[in-house]
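Structural overview
Letter by letter, the chains look like this.
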Amino acid sequence: MNGEFLRKCLNDVLDATGLTDADGCPLDFDPHDFRRIFITDAIRSGLPPHIAQVIAGHAEINTTMGYNAIYPAEVIEAHRAFITRRRALRPSEEYRTPTSEEWDAFLGHFERRKLSVGVCARSFSTACIHEHACIRCSMLRPDPAQRTRLTEIRDNLLARILEAEREGWLGEMEGLEVSLAGAQDKLAQLDAEGTRQRTIDLGMPTFSNMAGRTSTADLTRRSATN
């Protein structure tokens, strides 16, 4: 039984039914069309695409998915089902409308993260572990525009450490040294960031420079000729 015989039988059945398409033309099916219908229905019914690939005998999964007809309505419904599944896994209270006080607190969080030398990256509604000694905190993101201020803070800490050492204020000197290490670390962060963002212009060679170059192979050929 060859393909032509199957195609003739199929068209005879379609002619007998009198069915037409949207334009009023008689339906015309090819046996190969049933492969597309089968794969589309199978995947829509939940069959994994890689299993459909094996059944269809395709070497590549992309070939199988090419037979799978996707309709806009299916995409929308699949997305809605995905969102519904995700929401079912999260506490329902997270989807309530926030109160005015909660919204003001959320917006105020970002305002209170602005510091003289940068921005505090501390998470929302978490306590400061350094009692607002921001220069020591690893969550401080220094602002490159405030490098001068950071340098002044470092120099001031150095002067205060010398004074504490001279006066014998050992307890205060220990705390100042911790702050000094933090200031130096923030300056090092700015230096590293500047190095990472700095680009080197290698220039564009001109034709005269390229034409004036003589390769080793050229010199060898010239010597052999002479």
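Refer to the structure above for everything that follows.
Nothing here was measured: the structure is a model prediction, and the numbers come from that model. The numbers attached to residues start from 1 for each chain and follow its sequence in the written order. Since the coordinates come from a predicted model, pLDDT governs what is reported: local features require at least 70, and pairs of side-chain atoms require 80 or more to be given and counted, while whole-chain, interface and lining totals use all residues. As a rule here, side-chain values come from all non-hydrogen atoms in the structure, and water together with hydrogens is ignored.

Focus on the pattern of salt bridges
A side chain of one charge can pair with a side chain of the opposite charge if their charged atoms are brought near each other. A pairing counts as a salt bridge when a side-chain nitrogen of Lys or Arg comes within 4 Å of a carboxyl oxygen of Asp or Glu. One pass over the full model with this rule turns up six salt bridges. With a shortest N-O distance of 3.2 Å, Arg-154 and Asp-155 are connected by a salt bridge. Overall, Asp-155 belongs to the partly exposed group, its relative accessible area being 39%. Relative accessible area decides the class of each residue, using a 1.4 Å probe on protein chains only: under 20% of the type maximum gives buried, over 50% gives exposed, and in between gives partly exposed.

Description of the nonpolar core
Side chains of a nonpolar character, in soluble globular proteins, are inclined to be buried together. To form a nonpolar core, buried Ala, Val, Leu, Ile, Met, Phe, Trp, Tyr and Cys residues must be joined to one another through side-chain atoms within 4.5 Å. Within the largest apolar cluster, 13 residues are counted, with the highest numbers of intra-cluster contacts made by Leu-150, Leu-157, Ile-161 and Leu-176. Breaking this core down by element, the ones donating at least two residues are helix H7 (147-167) and helix H8 (170-197). If one sorts the elements of this core by residue count, H8 sits on top with six residues. Those residues in contact with Leu-176 that sit more than four places away from it in its chain are Leu-157, Arg-160, Ile-161 and Ala-164. Counting five residues, the second-largest nonpolar core is a separate cluster that includes Ile-39, Ile-43, Ala-52 and Ala-56. We count a stretch as a helix when DSSP gives it H or I for four or more residues in a row; a strand needs E for two or more, and each element gets its number in order from the N terminus. Here, two residues are considered to be in contact whenever any of their heavy atoms come within 4.5 Å of each other.

Some thoughts on the sheet that holds strand S2 (residues 118-120)
Taken in spatial order, the three strands make up an open sheet running S1-S2-S3, and their pairing is antiparallel. Because the sheet does not close on itself, it has two edges, and the strands there are strand S1 (114-115) and strand S3 (140-142). The pairing of S2 with S3 spans three bridges and is classified as antiparallel. What sits directly across from Val-119, in S3, is Arg-141. DSSP bridges decide pairing: two strands pair if at least two such bridges lie between them.

What about helix H3 (residues 49-56)?
Among the residues making up H3, those that are buried are Ala-52, Gln-53 and Ala-56. Looking down the long axis of H3, one finds its buried residues gathered within 105 degrees of arc, a one-sided arrangement. In H3, those exposed residues whose orientation departs by more than 90 degrees from the buried face are Val-54 and Ile-55. Elements that come into contact with the buried residues of H3 comprise helix H2 (33-44) and helix H4 (61-67). Within two residues after H3, Gly-57 carries a phi angle of roughly 80 degrees, on the positive side. Summarising the geometry, the arc corresponds to the directions from the helix axis toward the C-beta atoms.

In short, geometric facts, not functional conclusions.
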